[in-house]
Amino acid sequence: MDRLALVVPCYNEEAVLEISSKALREVLENLIQKGKIANDSFVLFVDDGSKDRTWELIEQEHQKHSNIKGLKLAANVGHQFALTAGLISAKDISDVTVSIDADLQDDVTVIEEMIDKFHDGNDIVYGVRNDRSSDSFFKRMTAQGFYKMMAVMGVKTVYNHADFRLMSKRAVEQFSQYKETNLYLRGMMPLIGYKTDSVYYERKERVAGESKYPLKKMLALAFNGISSFSIKPISLITTAGAVIIFLCILAAIYALFSYCIGHVVEGWTSLILSIWFLGGVQLLSIGLIGQYIGKIYIEVKQRPRYNVETFLGKQD
Ligand code: UDP
Ligand code: MG
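Residues numbered from 1 in each chain as written. Chains lettered and ligands numbered in written order. Predicted model: local features only at pLDDT ≥ 70, side-chain atom pairs only at ≥ 80, totals over all residues. Heavy atoms only, no water.

Caption draft 1: How the structure looks around unusual backbone geometry. The backbone of Asn12 shows a phi angle near 50°, a positive value even though the residue is not glycine. Looking at the secondary structure, you find Asn12 in the loop between strand E1 (4–10) and helix H1 (17–33). A relative accessible area of 23% places Asn12 in the partly exposed class. (Helix = DSSP H or I, 4+ residues; strand = E, 2+ residues; numbered from the N terminus. Buried < 20%, exposed > 50% of the residue type's maximum accessible area, 1.4 Å probe, protein only.)

Caption draft 2: Structural view of the coordination of the magnesium ion (ligand 2). Coordination of the magnesium ion (ligand 2) by the protein comes from Asp103 (OD) and Gln105 (OE1), over a distance range of 1.9 to 2.0 Å. For the pair Asp103 and Gln105, a shared accessibility class is recorded, and that class is buried. (Donors = N, O, S within 2.8 Å, 3.2 Å for Na, K, Ca; no water.)

Caption draft 3: Layout of the nonpolar core. Leu87, Met167, Phe175, Leu185, Met188, Met189 and Ile192 are the most contacted members of the largest nonpolar core, which totals 34 residues. Apart from residues lying up to four places away in sequence, Met188 is in contact with Phe175, Tyr178, Glu180, Leu183 and Phe229. Residues Leu31, Val43, Ile100 and Ile115 belong to the second largest nonpolar core, which totals 33 residues. (Core = buried A, V, L, I, M, F, W, Y, C linked by side-chain atoms within 4.5 Å. Contact = heavy atoms within 4.5 Å.)

Caption draft 4: Just a nonpolar patch on the surface, in detail. A contiguous nonpolar surface patch, about 750 Å² in accessible area, is contributed by Val243, Phe246, Leu247, Ile249, Leu250, Ile253, Phe277 and Leu278. Mapped onto the nonpolar patch, the elements with two or more residues apiece are helix H9 (232–260) and helix H10 (269–301). Sort the elements by how many residues they give to the nonpolar patch and H9 lands first, with 6 residues. Tracing the backbone shows Ile249 in helix H9. (Patch = residues over 30% accessible without salt bridge, like charges linked within 9 Å, V, L, I, M, F, W, Y side chains within 5 Å. Areas by Shrake-Rupley, 256 points an atom, 1.4 Å probe, with all protein chains shown as cover. Salt bridge = Lys/Arg side-chain N within 4 Å of Asp/Glu carboxyl O.)

Caption draft 5: Structural context of the pattern of salt bridges. For the structure on display, the rule yields 21 salt bridges. Across the pair Arg203 and Asp106 runs a salt bridge whose closest N-O atoms are separated by 2.9 Å. Taken together, the positions of Arg203 in the loop between strand E7 (196–202) and helix H8 (215–229) and Asp106 in the loop between strand E4 (96–99) and helix H4 (111–119) put the pair 97 residues apart, joining distant regions of the chain. For the pair shown, Arg203 and Asp106 are each scored as buried. In this structure, the salt-bridge partner of Glu180 is Lys301, at a minimum N-O distance of 3.8 Å.

Coordinates in, geometry out; function isn't part of it.
Shown next as structure tokens:
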């Protein structure tokens, strides 16, 4: 039987902690009863340097319930790192993990479906929202614009999937081989490459407390998502430079041709054109330098170059 770890990052979540602890324990009990997970499955709360009573509450829950574990980070490092810390700590003591936010916005009832899909042989199961009506119009528009932009930038992401996902032990193990410090988990999962599937659910309102993701953090996450996975923005600069140079040459040919047939183009044509031409050359050069920096950036990440799926035959 597989031991499940529910990994829950918490930052100043005193308002919801007990409620989510109860809900998640119920999920475990239900799955244990149905014989889908092992008896010693557990919830791991990761306290991301909270300033309120979150850790005290986690300690209390741990004392009351044997299936509640806690991990306290020394300082606030942000959702992505807190989640990573939880997953990596959980992987050695579990067979499968499900990460979920503390605020119960994600539907805990689909965890069962995730486990079923895991038993069907999937290593990663994404929780995908099929309804965003509980989000504000602004959040909906920005989020969807973001997913589209990621696609344009050539980053593989799962549309409308946040960090509610199941990962097998070996998927977490592979993930832990990605040593980069600019983390954008949603972008990293497709790189792992094992068999994946999705479950769909309706995203709800926060049970209590406030969002810990103000616009500033959201924009930072979005920028990180693009800049950690794509060097396309640099290519765009190079392209812009090349296009400007090309247009300048066309305009110069036009001006010269007009001059030859005795019709002088008005204004400071030659001056303006040379300014634009040089501007184009500069952009192109910056872009070229950028391409090299982009390559260095990708090299220093030292990502694994491949992940093995299976090996047939004896390995000795
Ligand atoms: N969170 C965290 N560290 C932070 C910010 C948030 O661990 O610095 C956790 C938070 O406790 C919650 C999850 O990340 O469990 C998602 O945050 P939130 O629900 O506030 O984001 P939203 O759903 O509004 O985007
Ligand atoms: Mg939330």
